[in-house]
Amino acid sequence: MSGCRRRYALEVLLGVTVLWTAGCRYGTEWCVEQRVGRINSLPVDLTEPAQVRVDTLSPQAPAEPEQDAAPTPPADPASASGNGPTLGDTSDAERQPDGTDDVSVAKVAPANFDSTVPADAARAGVEVVSLLQDADDGPRTPGNQQPLRVPEALPGADAPPLQLPPFDPSRSFEDRRAEIRRLYPDLPELGADPSRFDASAPRLRLADLQRMAMDNSPVLRQAAADVEKARGKAIQVGLYPNPTFGYQGDTINTGDTAGYNGFYFTQEIVTADKLQIARQSAAMEVRAAESALRRARIELATNVRRGYFGVLMARERIRLRRALAGLVDDALAAQIDLVQGGEAAPYEALQIRVFAMRVRNEVIQAQNDYQAAWRELAAAMGMPQLPPAPIEGSVTLPAPTVDYESALAYMMSQHTDLEIARIQIGRAATGLRLQQVTPIPNIDVSTSVFHDDTSPANDMAFSVQIGVPVPVFNKNQGNVVTAEADVVRTQQDLEQTYNELAARLATVYATYASNVTISERYRTQILPDQVRVYRGIYDRFWQADASNDFTLVVQAQQTLFSAVNEYLDALALQWNAVVDLAEVVQVDDLYAMEMLMGGPMPMEMPAPSGPVPVPAESLPPANVEQEE
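Conventions we followed
- The numbers attached to residues start from 1 for each chain and follow its sequence in the written order.
- Only residues with pLDDT of 70 or above have their local features reported here, since the model is predicted, and side-chain atom pairs are shown and tallied only from 80 upward, although totals for entire chains, interfaces and linings are computed over all residues.
- Heavy atoms from the whole structure form the basis of all side-chain values; hydrogens and water molecules are not counted.
- Comment: elements are numbered from the N terminus, with helices defined as DSSP H or I runs of at least four residues and strands as E runs of at least two.
- Whether a residue is buried, partly exposed or exposed follows from its accessible area with a 1.4 Å probe, protein chains only, as a fraction of its type maximum: under 20%, in between, or over 50%, in that order.
- Residues are treated as being in contact if the distance between any of their heavy atoms lies within 4.5 Å.
- Values of accessible area rely on a 1.4 Å probe in the Shrake-Rupley scheme; residue burial ignores everything except the protein chains shown.
- Axis angles are defined between N-to-C directions and span 0 to 180 degrees, where every axis is a line fitted to C-alpha atoms and, for a helix, only to the segment in contact.
- Should the near helix be turned counterclockwise from the far one by less than a right angle, the crossing is left-handed, whereas a clockwise turn marks it as right-handed.
- Polar here means any residue outside two lists: the nonpolar Ala, Val, Leu, Ile, Met, Phe, Trp, Tyr, Cys and Pro, and the charged Asp, Glu, Lys and Arg; Gly therefore counts as polar.
- A pairing counts as a salt bridge when a side-chain nitrogen of Lys or Arg comes within 4 Å of a carboxyl oxygen of Asp or Glu.
- The pairing test for Phe, Tyr and Trp rings, Trp by its six-membered ring, is centres within 6.5 Å, and the orientation test on the planes gives stacked under 30 degrees, edge-to-face over 60, and tilted for anything in between.
- Paired strands, as defined in this entry, are two strands with at least two bridges between them according to DSSP.
- We call a set of buried residues a nonpolar core when its members are Ala, Val, Leu, Ile, Met, Phe, Trp, Tyr or Cys and they connect through side-chain atoms within 4.5 Å of each other.
- To sort the angles, those under 35 degrees are grouped as roughly parallel, those over 145 as roughly antiparallel, those from 65 to 115 as roughly perpendicular, and the leftovers as oblique.
- For every residue, the predictor assigns a confidence score, pLDDT, that lies between 0 and 100.
- Only residues whose relative accessible area exceeds 30% and that form no salt bridge enter a patch; like-charged residues are grouped when within 9 Å of one another, and nonpolar side chains (Val, Leu, Ile, Met, Phe, Trp, Tyr) when within 5 Å.

## Re the overall build of the chain
So, point 1. Looking only at helices and strands, one finds 15 helices and four strands in the chain.
So, point 2. Across the 628 residues in the chain, those meeting the buried criterion constitute 30%.
So, point 3. Across the chain, contacts joining residues at least 24 apart in sequence account for 78% of those joining residues at least 6 apart.
So, point 4. For the chain, the exposed area adds up to about 40100 Å²; of that, 56% sits on carbon and sulfur atoms.

## Thoughts on the packing of helix 10 (residues 404-414) against helix 12 (residues 477-542)
So, point 1. Viewed as axis vectors pointing N to C, helix 10 and helix 12 meet at an angle of 145°, and their least axial separation amounts to 11 Å. In the packing of helix 10 onto helix 12, the handedness of the crossing is right-handed. In this structure, helix 10 contributes Tyr404, Ala407, Leu408, Met411 and Met412 to the contact, and helix 12 contributes Tyr498, Leu501, Ala502, Leu505, Ala506 and Tyr509.
So, point 2. For the contact of helix 10 with helix 12, a count of residues per class yields 11 nonpolar, no polar and no charged.

## Regarding the pattern of salt bridges
So, point 1. Per the counting criterion, the structure on display carries 17 salt bridges.
So, point 2. Between Arg532 and Asp529 there is a salt bridge, with the nearest N and O atoms lying 2.3 Å from each other. Taken as a pair, Arg532 and Asp529 lie in helix 12 at a separation of three residues, close to a single helical turn.
So, point 3. The exposure class assigned to Asp529 is partly exposed, which follows from its relative accessible area of 39%.

## Considerations on the packing of aromatic side chains
So, point 1. Applying the stated criterion across every chain yields a total of six aromatic pairs.
So, point 2. Where Tyr308 meets Phe309, the ring centres are 5.0 Å apart and the plane angle is 75°; that geometry is what we call edge-to-face.
So, point 3. Residues Phe309 and Trp575 carry aromatic rings whose centres are separated by 4.6 Å and whose planes lie at 10° to one another, so their mutual orientation is stacked. Note that Phe309 is positioned in helix 8 (residues 274-340) and Trp575 in helix 13 (residues 550-585), a separation of 266 residues in sequence. With respect to class, Phe309 is no different from Trp575; both count as buried.

## Here's the deal with the sheet that holds strand 2 (residues 260-269)
So, point 1. Taking strand neighbours across the sheet as the criterion, the four strands line up as 1-2-3-4 in an open arrangement whose pairing is antiparallel. Whereas interior strands pair on both sides, the edge strands pair on one side only; in this sheet they are strand 1 (244-250) and strand 4 (460-467). Looking at each pair of strands side by side, their axes are set apart by 20° on average, direction ignored.
So, point 2. For strand 1 and strand 2, the ladder comprises seven bridges, and the chain directions are antiparallel. Each bridged residue has a counterpart across the sheet, and for Asp250 the counterpart in strand 2 is Tyr260.

## Brief notes about the nonpolar core
One broad rule of soluble globular proteins: the nonpolar side chains tend to lie buried together.
So, point 1. Counting residues in each nonpolar core, the largest one holds 91 residues, and the members touching the most others are Leu581, Val585 and Met593.
So, point 2. Apart from residues lying up to four places away in sequence, Leu581 is in contact with Val402, Leu505, Val508, Tyr509, Tyr512 and Met593.
So, point 3. By size, the runner-up hydrophobic cluster in this structure holds six residues, among which are Val227, Ala282, Val286 and Ala289.

## Focus: the packing of helix 8 against helix 13
So, point 1. Between helix 8 and helix 13, the shortest axis-to-axis distance is 9 Å and the interhelical angle comes to 170°. Judged by the angle between their axes, helix 8 and helix 13 are roughly antiparallel.

## Re the environment of Gly467
So, point 1. Take Gly467: it is sitting in strand 4.
So, point 2. With a relative accessible area of 28%, Gly467 lands in the partly exposed category.
So, point 3. For Gly467 and Ser446, which are 21 residues apart along the polypeptide, the C-alpha to C-alpha distance reads 8.6 Å.
So, point 4. Sequence-distant contacts of Gly467, that is, excluding residues within four places in its chain, are made with Asn442, Ile443 and Asp444.

## What about the pairing of strand 4?
So, point 1. Within strand 4, only zero of the eight residues are buried, leaving the element largely exposed.
So, point 2. Two strands pair when backbone bridges link them, and strand 3 (residues 443-452) and strand 4 are joined in this way by eight bridges, in the antiparallel orientation. Across the sheet, Ser448 pairs through a bridge with Ser463, a residue of strand 4.

## A closer look at unusual backbone geometry
So, point 1. A positive phi angle, close to 60°, is found at Ala272, a residue other than glycine.
So, point 2. Looking at the element boundaries, Ala272 is found in the loop between strand 2 and helix 8.
So, point 3. Look at Asp273: it is not a glycine, yet its phi comes out positive at around 55°.
So, point 4. Inspection of the secondary structure puts Asp273 in the loop between strand 2 and helix 8.
So, point 5. Under the relative-accessibility criterion, Asp273 is labelled exposed at 52%.

## Description of the pairing of strand 3
Every regular strand shows the same layout, with side chains that alternate between the two sheet faces.
So, point 1. One ladder, built from 10 bridges, connects strand 2 with strand 3; its direction is antiparallel. Considered in strand 3, the bridge of Gly262 is made with Phe450.

## Quick word on the side chain of Ser448
So, point 1. You can see Ser448 is positioned in strand 3.
So, point 2. The exposure class assigned to Ser448 is buried, which follows from its relative accessible area of 5%.
So, point 3. Excluding its chain neighbours within four sequence positions, the residues that come into contact with Ser448 are Gln248, Phe263, Tyr264, Ala461, Phe462 and Ser463.

## Here we look at the confidence of the model for the chain
So, point 1. Of the residues in the chain, 71% reach a pLDDT of 70 or more, and the chain-wide mean stands at 77.
So, point 2. In the model, residues 600-628 has pLDDT below 50 throughout and makes 54 contacts with residues more than four positions away in sequence or in other chains.

## A look at a nonpolar patch on the surface
So, point 1. A grouping of Phe245, Tyr247, Ile252, Phe263 and Phe265 is seen on the molecular surface, where their side chains present a nonpolar patch of about 580 Å² in accessible area.
So, point 2. Within the residue set of the nonpolar patch, elements represented by two or more residues are strand 1 and strand 2.
So, point 3. Within the secondary structure layout, Ile252 lies in the loop between strand 1 and strand 2.

The following block contains the structure:
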């Protein structure tokens, strides 16, 4: 029995020793789940809107009347002063046989306000304005109508009224026509179109712009430098420690002698494959930098695509707005002819002239937008001094047809963000392994060779030292826990990256699908119909049909202009969405999306998993030191 007790005591002592040596701690993943569980137990948004009481929205809530007491009607300002009936007063004829009031026929008598109120208000510095019209004023007639007063602060308030020159039978028709036309000054010229070039000038395609950007933009070189930076770190962490060699003298001048003189040599021997594991972890950073380089290439291509379609859209805006300017110019000339013939009021032609000037302002804005779009494109290409040049392409071409499910599957199969997230899981796993083997001590070896100059024998002496640090107190516990948490975090980062990409694709695809349909409807249905409406109304007005008012012409013209601007906005949103879609799914060829994702594809999306094993090919080559 005593032997069994001694063996049990030895087992307990051994267990305590192991726990004390290895360190006792909770599992990191368990700690993370416990923290998340405590946070999830806190209530969030439990109150429903219907549970919000009205009395919480006002400083004081009215007291509820007692059940036995009769309800008191609300007080009226007139009844409070005794000068008029209350809002609840009804006549006997309007009261129902059962004693209740017929609310539908109840009438409110006008209140007679106390005559002392204006005086009191005047003493208080308050101006009293009557909202009731006096009975003796009568209806407003042209005889008592007040003239229109334009505030002086309004620009154009000092413009004289528009009046036709009086008819003079002694003057010729041409003189009167010239005099009337002077009421409508000539419109400013539209000027040269900056988006038009000589037909013989070579046109730049999107592929040409991409190649120029790859050759000149610093974005790719920055990312490539990051790859070399990570590669240098991977080389450095795997290098073996250098030995130490030097001179050593001891007991010099002892007994008036030279003492012991010699050389020493020290070397640290790394154990537990620490250098290989460290290089393996750093190699993961190299792979992540390479994926970031590919992502930088996609981002550069996206910026060039966005600038390319920005230039095309600016060119289309110039084209359509110059066309609208020509349309309004023709309408203005025709309207002036009607004014000269006495068939239209002078203000009608002036209204069309206002439209013509506004369209010219939009032309100027479109031309400046074209210049800005080209400069943005040149800057994205890394060539900010590149002068404008003709570009091949048109925004009126059909957009690539992309299926959502196919795009989702394609994105999840090769997106760089997911690739980087998986690499980070491998990097965290190797980092955890490195922290776990770090407490295993390295071996320090030191040897010395001395010549004994203290005696006539002149003997040679040797010394050897071998030492290891003993992990008694510092067993790298904190770094191990940190590395374990890093593994848990990178696993969750992969799932979060998956969710963020799916959400972003959903938003981009919704914008893409909506504006493709909207722009197509504007081009094929809305704009043709509105042009027919405008043509029909204007033709009818030109035929001097009294039933057709000039305001209908103005409304049709404004509607046409608004429809054109809405079409341009939808077209711009469509191509921006196409560019965003190509960026989020990361395709190298914009117009190849229809071939890659034009139809349904099998959904085989990799689900987020645990720590992935580090592949052997992720390690740098064995002769990486010799390459340097």
